[in-house]
Amino acid sequence: MDPKDYCFSTQISHLALDIGGTLIKLVYFSPNGDNSQDGSIVVGNGCSVVKGRLCFAKFETRKIDDCLDFIRFNILQHSGVQHPNGTTRDKFPVKEKLGIVFDKEDEMHSLVSGVNFLLKTVPREAFTYLDGQKEFVQIDHNDLYPYLLVNIGSGVSMIKVDGDGKYERISGTSLGGGTFLGLGKLLTKCKSFDELLELSHQGNNRVIDMLVGDIYGGTDYSKIGLSSTAIASSFGKAISDGKELEDYQPEDVARSLLRMISNNIGQIAYLNALRFGLKRIFFGGFFIRGLEYTMDTISVAVHFWSRGEAKAMFLRHEGFLGALGAFTSYKDQSHSNDLKPHHQAVQRAVLKCSGDDSFRHTLVAANINDGEAIECSINLV
Amino acid sequence: MAGRGDDEHDPILDEAKSSERDMAPSALPGTSIHRSGSRPQLDLSKAEIQGNFEERDPTILLPNQSDDISHLALDIGGSLIKLLYFSRHEDYYSNDGDKRKKTIKERLGLSNGNLRSYPVLGGRLHFVKFETHKINECLDFIHSKQLHRRDPYPWSSKTLPLGTGVIKVTGGGAYKFADLFKERLGVSIEKEDEMHCLVSGANFLLKAIRHEAYTHMEAEKEFIQIDPNELYPYLLVNVGSGVSIIKVDGEGKFERVSGTNVGGGTYWGLGRLLTKCKSFDELLELSQKGDNSTIDMLVGDIYGGMDYSKIGLSASTIASSFGKAISENKELEDYRPEDISLSLLRMISYNIGQISYLNALRFGLKRIFFGGFFIRGHAYTMDTISFAVHFWSKGEMQAMFLRHEGFLGAMGAFMSYEKHGLDDLMSHQLVERFPMGAPYTGGNIHGPPLGDLNEKISWMEKFVRRGTEITAPVPMTPSKTTGLGGFDVPSSRGSALRSDASALNVGVLHLVPTLEVFPLLADPKMYEPNTIDLSDQGEREYWLKVLSEHLPDLVDTAVASEGGTEDAKRRGDAFARAFSAHLARLMEEPAAYGKLGLANLLELREECLREFQFVDAYRSIKLRENEASLAVLPDLLEELDSMSEEARLLTLIEGVLAANIFDWGSRACVDLYHKGTIIEIYRMSRNKMQRPWRVDDFDAFKERMLGSGDKQPHRHKRALLFVDNSGADVILGMLPLAREFLRRGSEVVLVANSLPALNDVTAMELPDIVAGAAKHCDILRRAAEMGGLLVDAMVNPGDDGSKNDSTSAPLMVVENGCGSPCIDLRQVSSELAAAAKDADLVVLEGMGRALHTNFNAQFKCEALKLAMVKNQRLAEKLINGNIYDSVCRYEPPTLSQI
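Figured I'd write up the structure that's included with this text. Computed from a predicted model, the values in this text were never measured in an experiment.

**Considerations on the overall build of chain A**
Summing up its helical and strand segments, chain A has ten helices and 17 strands in all. In chain A, which comprises 381 residues, the proportion classed as buried is 61%. Relative to all contacts within chain A whose residues are 6 or more apart in sequence, the contacts with residues 24 or more apart total 69%.

Below you can see the structure in the form of structure tokens.
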């Protein structure tokens, strides 16, 4: 199909979705309203550049109707996107509701593309988090690969990324966000992920975890480098106390659970990074959600197991990796169009959309927890 | 020969049917057999021990010290107390160091001067478990056995004043219960580092116990023989409340390289909160009936039932443990506790397997041993861990488990005593025995300590009264594999994997420092005594059934051997129950006692008889057979002497084969036999030996003996003749063959059992038999005198010393170190090992020693294996033949591979 068949006029938008087990992540492009004329600038080589913003939105998967309504009213009617990319399950009635067809993208491929896109194009995208300190890390584009990408969704995928489109799922674990929420719901009657996380903030895991000090009479087992406050056994105290579930504070249970899962993910990630000699480990996925406490526990785990040699890194747009990847993979259907972000050129991101003169973009509705929008421009051939 | 086909007799071994049950017992002269269930502890006389200890350290066992010397070590964990104690029994042959032995020793060049040193005392290591919350039972046990009163350093000469005793203890309880031990037992606890104990315990067990390690994949256990020289490095994963991952590089060289806080405590803690289970075992039991797909989010749940095969995940792979509990509006109460338990178990087991694999990978280790209370022999847990390791390592690494896994810490604490001497023990010096209680305890908590025989019998009787008698086994349907693997849902649950059934028994470890590896084995590392692999289910069920069917006859014989008294009957019943229980246990869990061979089964039966103090069930039968056979020996020798050399050799081999089958168990033959025409029966039987036999290397053997053409063969320097049954077998079969070697100037050593087994002749009985034979034969007499067998006999003054012709060679008798109808040549007496040094021919005779075991054994010297197959199944399996076929296998020396 000739890309010229698409009519690029004043307003341009396109959309990608990542429909996971728990959350739906949405990425769409919103051109700047103040662009001259049709919003495109013809640059030297005959490409036209559209400036605008990449916007991000999330919905809970079980509230998919909200998401569809959002797409229908805020995006589609303005942009006329026909083929949003997405990683999805079959069971959602997207076609019926929206009258559009999904191009299903491979989840992992989308994920990796998304991270590569972010790390290469967005400055101050990656940061470390330790002891409450967020520190942005500048990454040299030429020294990006290889790295380990740990995507914490319901489960956890660990992907070794060697370059654009070059990656391999090398490991994973079933102890992920789904375990946190699933066990958390059973143990605390929490209704939502956020509620559970909120609880964990207020809890004290020492009530329910067996610490090294509990075993060795309050002393460190320094011979093997374990401090008395290290967790020897998660939930280990629930063994001996004559207590029932009701006797424990939900906050403490949530905290213990969070630490168990974060710690485990951090450890397995570190061991895998070590195995392939990878210097950087990026953590993403909805479990992280920019939440300080989860980031902190994962950082501590990586720090502990690597004896300080490895650092866990996080991405500002971590929740949208899959959606971003799907977004950038529009290229696959088209040919040589380029999406150019604000500062640097985006490689290989291609638009596939149609213009709509009556486009008037309204920003995200209130019920949406959006990420930061990215200023960018899009190259059109 | 009669009774072929229509009257199949004991298919295992030729042994007397109980045609003699009315016979009164008659004391066998010279029997001072100790009444213990142990393997004979040879050469453990006090003087030797003292002498040898002088070389190492002035640690002398005082001659007048009490006969039982014990010490103990404990591992007191959160849920279980593991106790290990050593007992030394002074029940070796009281005065077997008689003149015969002395002469043999001189003859074989053995003397106290060059005897191998015995750094370790013979004795037994006992493994006992108690629940920690019942610590008082444990203290009572120690008190009743007076374990705490013993000098904890039994090999040191200093005696500690009462009340200053010290017990080595590891585990958390070492801190918690120190005061209690002081108060109740008056002993102090010496705390030992947990990890150090764990590692040294594992090192010892892996090195010293054959087949200690096993793999567990898809519900199948496979025992692994680990070369002690290639043990290190390995990864030891101890799954307790938390998990410690330890890299072990050698003795005392180890490092905790990793661990995880998601361990047994997490399973039990979370499980308790989520299911209201009252105990860890209850929670485990629940998992047997669980279906984790109701609560775990599977790959198929995410990808609409399609495999996500691109990254190697199947639809049934668990994507997220407990992930389904997210989206459905269900409460905790809506989930089955069974499903929750299974989901938890898989999550934690798999995670442990994965993290262990990653650490093994990191250090390039191929072997990962898992232990700790979380494992506790639970099939499902082991399968899941194994799957994870196998999956992630793509089969490169093996997850292994240890039979004594619960006792690693206690073993290590025991090792922490100074001068325990166990370091020097080799696997061939350890014999594991499974006492009568083993089938009932099922590898879990041990029953009460049973001191004497009467308590044992009462205990067995009590079980019957309670209606919990374990009946003789009947063949069961094949156990299905679980088909589970890590994240995949098992195809069958519950029914196939019983948590208690999979718990392995731990027997009593007998330390017998005098045992040695038979020096003539071509390749001791590759040697496998058992010919039939009982890990094959069909074979196993067949032999278990055979043993079970034969049991009533055996009981009758045993009871009759002791005069059929009420006491004997009571013991006989108890024996039958105990042995049936063993069989039932093995039918249910073939791996319960470790790697199982037919030799082990037959030995178990003998041990069980001894445990109920049936010292020699066949002694009256043996005596009568011997008398009858000796009576006709002169006629036979006369007949042989009239033959040409070539005819004689064939007749001799035929005679061995014929006498090996002779009449045992065959009713028709027994009838003939009573008419007293034993020589006729023997001749008739011999005449039926039609060559070629099923396995017939006679011509090769003949050529070796007689040469061909002008070639004159050199005579054998020394022949070791492993004899089998009493009566005609040894007297009309093997003795004439021995005589042939002697007359050719070869030395002959008759190798016989140390302890009675069935109607096998023992080393103690042989001198009398030889003496009886020597009355009628000069060759035998001279040789027996030279071999020191006739020191007490009347010596003809004229004969002695005058005829010192060059061809005269001695006839000697040595004991083989075992009390079983089979022989494991990795564990023979030092006496036999010494005798073997100059031998260039090994003759193995009989089903037990030449077919059931050692049929495929290769030797550095020439070997002749002679036996009659008296079991149809074995005949088909082994030689593709039929019952009563003969085997005459002659093998030249197997050259060393170097």
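**A look at the interface of chain B and chain A**
Facing 54 residues of chain B, the contacting portion of chain A comprises 59 residues. Carbon and sulfur atoms make up 57% of the area that chain B and chain A hide from each other, which totals about 4,800 Å². Area buried by chain B at its contact with chain A is led by Asn261, Leu273 and Ile326 of chain B, which between them contribute 15% of it. Across the contact surface, chain B and chain A share four salt bridges. One salt bridge connects Lys189 of chain A with Glu331 of chain B, and the closest N-O pair in it is separated by 4.0 Å. Put simply, chain B and chain A have 17 residue pairs in polar contact (both at pLDDT 80 or more) between them. Those elements that provide at least two residues to the side of chain B that touches chain A are helix H6 (194-208), strand E10 (253-260), helix H7 (264-275), helix H9 (299-302), strand E12 (318-320), helix H10 (324-327) and helix H11 (337-362) of chain B. Of the residues forming the side of chain B that touches chain A, the biggest block, nine residues, is contributed by H11 of chain B.

**Quick look at the sheet that holds strand E9 (residues 147-152) of chain A**
Residues and elements named next belong to chain A. Strand order across the open sheet formed by seven strands is E8-E7-E15-E14-E9-E10-E11, with mixed pairing between neighbours. The sheet is open, and its two edges are formed by strand E8 (133-137) and strand E11 (166-173), each paired on a single side. Neighbour-to-neighbour, the strand axes of the sheet open up by a mean angle of 30 degrees, direction not taken into account. Sheet analysis places strand E7 (residues 126-130) next to strand E15 (residues 311-315), joined by three bridges and oriented antiparallel. In the strand pairing of E15, Phe127 is matched with Phe314. Packed on one face of the sheet, helix H9 (residues 292-305) meets E7, E9, strand E14 (280-284) and E15 and runs near 80 degrees to E7.

**Re the packing of aromatic side chains**
The geometry of two aromatic rings is summed up by the distance between their centres and the angle between their planes. Residue and element names in this part refer to chain B. Considering all chains together, one arrives at 31 aromatic pairs over all chains under this definition. Arranged with centres 6.2 Å apart and planes meeting at 80 degrees, the rings of Trp693 and Phe698 form a pair that is edge-to-face. Using a relative accessible area of 6% as the deciding quantity, one classes Trp693 as buried. Between the NZ or CZ atom of Arg873 and the centre of the ring of Tyr542, over which it lies, the distance is 4.4 Å.

**Re unusual backbone geometry**
In this model, Tyr145 of chain A is joined to Pro146 of chain A through a cis peptide bond whose omega is -10 degrees. With respect to the secondary-structure elements, Pro146 of chain A resides in the loop between E8 and E9. With an omega dihedral of -5 degrees, the bond running from Arg691 of chain B to Pro692 of chain B counts as a cis peptide bond. Within the secondary structure layout, Pro692 of chain B lies in the loop between helix H22 (678-687) and strand E17 (695-696). Unusually for a residue other than glycine, Phe235 of chain A sits at a positive phi of about 65 degrees. Within the fold, Phe235 of chain A resides in the loop between strand E13 (231-233) and helix H7 (237-240).

**Focus on the pattern of salt bridges**
Opposite charge on two side chains allows them to pair when their charged atoms are near. Residue and element names in this part refer to chain B. Per the counting criterion, the structure on display carries 52 salt bridges over all chains. Notably, a salt bridge pairs Glu338 with Arg336, separated by 3.9 Å at the nearest N-O pair. Using a relative accessible area of 18% as the deciding quantity, one classes Glu338 as buried. Accessibility expressed as a relative area gives 39% for Arg336, which makes it partly exposed. Residue Glu396 pairs with Lys366 through a salt bridge whose shortest N-O separation is 4.0 Å. Here Glu396, found in the loop between helix H12 (379-393) and strand E14 (398-402), pairs with Lys366, found in the loop between H11 and strand E13 (367-371); they are 30 residues apart in sequence, far enough to count as distant. Among the charged side chains, a network of salt bridges with common partners joins Arg433, Glu603, Glu607 and Arg610.

**Things to note about the pairing of E14 of chain B**
Residues and elements named next belong to chain B. Summarising burial for E14: four of the five residues are buried, a large majority. Pairing geometry for strand E6 (residues 213-217) and E14, over two bridges, is antiparallel. The residue of E14 that forms the bridge with Ala213 is Leu402.

**Focus on the packing of helix H4 (residues 177-188) of chain A against helix H5 (residues 193-202) of chain A**
Residues and elements named next belong to chain A. Where H4 contacts H5, the axes come no closer than 10 Å and their chain directions differ by 75 degrees. Relative to H5, the element H4 is oriented roughly perpendicular. In this structure, H4 uses Gly177, Phe180, Leu181, Gly184 and Thr188 to contact H5, whose residues at the interface are Phe193, Leu196, Leu197 and Leu199. Its residues assigned to classes, the contact of H4 with H5 shows six nonpolar, three polar and no charged.

**Regarding the pairing of E13 of chain B**
All names here are of chain B. Within E13, four of the five residues are buried, leaving the element largely enclosed by the surrounding structure. Bridge analysis of strand E8 (residues 234-239) against E13 gives four bridges, and the strand direction is parallel. Its bridge partner being in E13, Val237 is matched across the sheet by Phe370. Here E13 runs beside E14; their pairing, made up of four bridges, is parallel. Bridging across to E14, Phe370 finds its partner in Phe401. In this region the chain leaves E13, passes through H12 and returns to the parallel neighbour E14; the handedness of that crossover is right-handed.

**Remarks on the packing of helix H8 (residues 280-287) of chain B against H11 of chain B**
The packing of two helices is summarised by the inter-axis angle and the distance between the axes. All names here are of chain B. Following both chains from N to C, one finds H8 and H11 inclined at 100 degrees, their axes separated by 7 Å at the closest point. Taken together, the axis directions place H8 and H11 in an arrangement best described as roughly perpendicular. Contacts between H8 and H11 pair Leu283, Leu284, Leu286 and Ser287 from the former with Pro337, Glu338, Ser341, Leu342 and Leu345 from the latter. Partitioning the contact of H8 with H11 into residue classes produces six nonpolar, two polar and one charged.

**Brief notes about the side chain of Asn264 of chain A**
Turning to its location among the elements, Asn264 of chain A is positioned in helix H8 (residues 250-276). Asn264 of chain A sits in the buried class, given a relative accessible area of 1%. With sequence-adjacent residues up to four places away left out, Asn264 of chain A is seen in contact with Thr173 and Leu175 of chain A together with Thr260, Val262, Asn351 and Ile355 of chain B.

**What about the state of the cysteines?**
The term disulfide refers to a covalent linkage connecting the sulfur atoms of a pair of cysteines. Going through the model one piece at a time under the given rule, you end up with zero disulfides over all chains. Cysteine Cys888 of chain B shares no disulfide, and the gap to the nearest cysteine sulfur, in Cys861 of chain B, comes to 16 Å.

**A closer look at the sheet that holds strand E20 (residues 811-815) of chain B**
Spatial strand order, E17-E23-E22-E21-E18-E19-E20 (chain B): seven strands in an open sheet with mixed pairing. Each of the sheet's edge strands pairs with one partner strand only, and the pair in question is E17 and E20 of chain B.

Here is what the cut-offs are and how they apply
Residues numbered from 1 in each chain as written. Chains lettered and ligands numbered in written order. Predicted model: local features only at pLDDT ≥ 70, side-chain atom pairs only at ≥ 80, totals over all residues. Heavy atoms only, no water. Helix = DSSP H or I, 4+ residues; strand = E, 2+ residues; numbered from the N terminus. Buried < 20%, exposed > 50% of the residue type's maximum accessible area, 1.4 Å probe, protein only. Contact = heavy atoms within 4.5 Å. Buried area = accessible area lost by both parts, 1.4 Å probe. Salt bridge = Lys/Arg side-chain N within 4 Å of Asp/Glu carboxyl O. Polar contact = N/O pair within 3.5 Å; in protein donor to acceptor, adjacent residues only side chain to side chain. Pairing = 2+ DSSP bridges. Axes fitted to C-alpha atoms, helices over the stretch in contact; angles between N-to-C directions. Phe/Tyr/Trp six-rings, centres within 6.5 Å; stacked < 30°, edge-to-face > 60°. Lys NZ or Arg CZ within 6 Å of the ring centre and 35° of its normal. Parallel < 35°, antiparallel > 145°, perpendicular 65-115°, else oblique. Nonpolar A, V, L, I, M, F, W, Y, C, P; charged D, E, K, R; others polar. Right-handed = clockwise from strand over helix to strand, strands pointing away. Disulfide = S-S within 2.5 Å.

Remember that the coordinates give geometry; whether it matters functionally is a separate question.
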